[in-house]
Amino acid sequence: KLREMANGLNSAYTATLERVNVQPCALVGFGVKPLMWISLAEQPLLIGVLCYALAVDVESPSFDIEMVPPIETVVASCMGLVTIDHASSTVRLVHATLQEYLRSHQGHVFRSPRAAIAGGCLSYLGIPSVRELLCDIETATPAFPPHLCLLLRGAHARKQLTPSIRELALEILVQYPQHAAAIIFLRTKKRLCFLSGSSIVFSGLYYVACFGIDEVSEALLSMGWANLNQRDRTPLILSAEKGHERVVRILPSRADVDPNLLSYDGKTPLDIDSKCGHEGIVRLLQARK
């Protein structure tokens with residue numbers, strides 16, 4: 001019976017999605033985009049963030065606030081598959097089974113969803129008005145919600161790193177230490193050692209080391225715009241902590257990377273990965289030691 005119920009739900013979701021994609025012109029522009037953003041978000045999606053995300057035009061160097069849709073229009077376009085949680089001002093899928101359905105049918109329902117999300121976030125971060133934001137979540141102008149910066153999880157770019165995403169990412173990351181998104185990211189993640197008053201600079205290379213985006217790491221390294229041996233927190237330490245073997249494979253092979261620098265708590269990358277059980281990384285670091 002449970003299997004029959006699951007099959008029935010899947011059929012209902014499939015039929016509803018078909019109707020979503022053949023809506024009147026006023027709504028068809030959204031299609032399944034809201035469902036893509038909500039289902040792949042790694043945190044509850046604020047109403048304003050979703051609406052701004054839907055208004056980003058990856059082909060435009062500017063942001064037209066007039067294109068931000070009312071949340072009522074967004075919800076209506078999803079035909080009952082999305083609901084608003086007014087208590088938390090977030091948008092969510094109508095049921096956990098829909099989340100499971102969208103994840104298991106991701107390749108059929110969405111077109112390169114990770115790349116689409118990464119592209120939307122990177123395009124937003126590249127807008128001059130966003131780059132010049134006050135670097136404070138509490139005081140930043142509501143016209144450009146800084147929380148949208150946080151949607152750019154490295155996982156999206158890492159899983160679907162297209163040439164266009166790589167180009168957009170590099171454009172942002174080469175200026176990352178001065179970008180509002182860097183300060184917002186650091187404050188949200190409580191990485192206070194990188195903030196004002198510290199001699200440690202959180203460059204774009206540090207960001208991609210956190211998320212294990214090896215192709216972008218190589219490109220940034222080739223540009224030479226990063227201090228690879230800052231005290232306490234190096235790109236190698238960050239990638240080792242996260243278990244990103246492909247990035248770790250790149251860094252120790254360079255003569256200008258010291259694999260034995262200590263973290264803030266007195267541990268080498270090898271110490272960190274030995275404790276975490278990252279066997280592949282341990283072998284790489286032992287070979288360089």
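Our structure is the block above this text.
Chains are numbered independently. Their residues run from 1 in the order of the written sequence. Where local features are concerned, this predicted model is filtered to residues with pLDDT of at least 70; where side-chain atom pairs are given and counted, the filter is 80 or more; whole-chain, interface and lining totals use all residues. Derived side-chain values reflect all non-hydrogen atoms in the structure, with water molecules and hydrogen atoms excluded from consideration.

Colleague: I tried to follow the layout of surface pockets on my own but got confused; where do I start?
Modeller: One water molecule sets the probe size; rolling that probe over the atoms shows where empty space is left. Cavities and pockets were defined on a 1 Å grid built over protein atoms only: a cavity is a set of grid points that admits a 1.4 Å probe from which the probe cannot escape, a pocket is an open set flanked by protein on both sides within 12 Å along at least five of seven lines, and lining residues are those with an atom within 4 Å of any such point. Grid points are joined across faces, edges and corners, and a volume is the space filled by probe spheres set on the points. Taken as a whole, the largest pocket encloses approximately 260 Å³ of empty space. If you go around the largest pocket, you meet 14 residues; those closest to its centre are Lys33, Met36, Arg111, Ser112 and Ala116. Numbering of helices and strands runs from the N terminus; a helix is a DSSP stretch of H or I covering at least four residues, while a strand is a stretch of E covering at least two. When contributions to the lining of the largest pocket are tallied by element, the ones reaching two or more residues are α3 (33-40) and α8 (113-125). With 3 residues, α3 is the single largest residue contributor to the lining of the largest pocket. Residue polarity follows a fixed list, in which Ala, Val, Leu, Ile, Met, Phe, Trp, Tyr, Cys and Pro are nonpolar, Asp, Glu, Lys and Arg are charged, and the others, Gly among them, are polar. For the lining of the largest pocket, the residue count by class is 9 nonpolar, 3 polar and 2 charged.

Colleague: I tried to follow the packing of helix α13 (residues 204-211) against helix α14 (residues 214-223) on my own but got confused; where do I start?
Modeller: A pair of packed helices can be characterised by two numbers: the angle between their axes and the separation between those axes. Here α13 crosses α14 at 160°, and the two axes come no closer than 9 Å. In terms of orientation, α13 lies roughly antiparallel with respect to α14. The two elements α13 and α14 cross, and the hand of that crossing is left-handed. Contact residues: Gly204, Leu205 and Val208 in α13; Val216, Ser217, Leu220 and Leu221 in α14. In this analysis an axis means a line fitted to C-alpha atoms, helices contributing only their contacting stretch, and an angle means the value between N-to-C directions, from 0 to 180 degrees. Throughout this description, any angle smaller than 35 degrees is read as roughly parallel, any larger than 145 degrees as roughly antiparallel, any in the 65 to 115 degree range as roughly perpendicular, and the remainder as oblique. Two helices that cross are described as forming a left-handed crossing if the nearer one is turned anticlockwise from the farther one by less than a right angle, and a right-handed crossing if clockwise. Any two residues whose heavy atoms approach within 4.5 Å at even a single point are treated as in contact.

Colleague: Can you help me understand the packing of aromatic side chains in this one?
Modeller: Two aromatic rings, taken as a pair, are described by how far apart their centres are and by the angle between their planes. Planes of paired rings set the category: under 30 degrees apart is stacked, over 60 is edge-to-face and the rest tilted, where pairs are Phe, Tyr or Trp rings (Trp by its six-membered ring) whose centres lie within 6.5 Å. Within this structure, the stated rule accounts for 2 aromatic pairs. With centroids separated by 5.5 Å and ring planes inclined at 55°, the aromatic side chains of tyrosine 13 and tyrosine 101 adopt a geometry described as tilted. Pair noted here: tyrosine 13 is in helix α1 (residues 2-20) and tyrosine 101 is in helix α6 (residues 96-104), with a separation of 88 residues, a long-range link. As far as burial versus exposure is concerned, tyrosine 13 and tyrosine 101 are alike and both buried. Relative accessibility decides the category of a residue: with a 1.4 Å probe and only protein chains considered, values under 20% of the type maximum give buried, values over 50% give exposed, and everything between is partly exposed.

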